[in-house]
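# A structural walkthrough
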Amino acid sequence: EPAATEVVTDVVGDFVKQRGGNLPIRKILIANNGMAATKSILSIRQWAYMTLGDEKAIKFVAMATPEDLNANAEFIRLADSFVEVPGGSNKNNYANVDVIIETAVREGVDAVWPGWGHASENPNLPNGLAEKGIKFIGPKGPVMYVLGDKIAANILAQTAKVPSIPWSGSFGGEN
């Protein structure tokens, strides 16, 4: 009897290719903890099930501090695997751009999801990941630089005709 052959399909790759893309995201580093990490994994798994028919089509690697591990945090159990990172202040882990980039490279992920807070608003993260060929799930570095500068962000909003409260740097009069 011939051995059964397993047919392996790449649902993520096929999905991306059908839409004209060429960079499928099959493995994501979750560079956050708590509710942010839990919600991201659950949301992406739901999307994968509803869109691709396979909730496990995208793999998750969670960064986890000793404190997260001791708490038996839900996001760690939801992830496919985890990487222990230094504990203590977030400057040692979730806000540490170098730790995130090194972990992403070592784990061979396609993308990093930073969540909110921590390193999510640090333009060095998307810039550093881009240098390594890893996608950042969020805005590009230059956008973060502009939006992180309150004056530049106001000017950008006004230029885009977003209703804004008049301030000393407003142009064009009252509106």
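Parameters at a glance
Residues numbered from 1 in each chain as written. Predicted model: local features only at pLDDT ≥ 70, side-chain atom pairs only at ≥ 80, totals over all residues. Heavy atoms only, no water. Phe/Tyr/Trp six-rings, centres within 6.5 Å; stacked < 30°, edge-to-face > 60°. Helix = DSSP H or I, 4+ residues; strand = E, 2+ residues; numbered from the N terminus. Buried < 20%, exposed > 50% of the residue type's maximum accessible area, 1.4 Å probe, protein only. Contact = heavy atoms within 4.5 Å. Polar contact = N/O pair within 3.5 Å; in protein donor to acceptor, adjacent residues only side chain to side chain.

### Concerning the packing of aromatic side chains
Across all of its chains, the model carries two aromatic pairs by this definition. Look at Phe15 and Trp47: their rings are 5.4 Å apart centre to centre, the planes differ by 85°, and that puts the pair in the edge-to-face class. Of this pair, Phe15 sits in helix H1 (residues 11-18) while Trp47 is found in helix H2 (residues 34-52), placing the two residues 32 residues apart along the sequence. Trp47 gets classed as partly exposed once you look at its relative accessible area, which sits at 37%.

### Observations regarding the environment of Leu69
With respect to the helices and strands, Leu69 occurs in helix H3 (residues 66-70). Overall, the relative accessible area of 27% leaves Leu69 in the partly exposed class. Along the sequence, Leu69 and Glu84 sit 15 residues apart, while their C-alpha atoms lie 8.4 Å from each other. Sequence-distant contacts of Leu69, that is, excluding residues within four places in its chain, are made with Ala64, Ile76, Phe82 and Glu84.

### Focus on helix H5 (residues 97-107)
Given 3.6 residues to a turn, an α-helix orients residues that are three or four positions apart in the same direction. Where H5 is concerned, the buried positions are Val97, Val99, Ile100, Ile101, Thr103 and Ala104. By the N-cap criterion, in which a side-chain oxygen at the helix start approaches the backbone nitrogen of a residue two or three places on, H5 is capped by Asn96, the distance to Asp98 being 3.1 Å.

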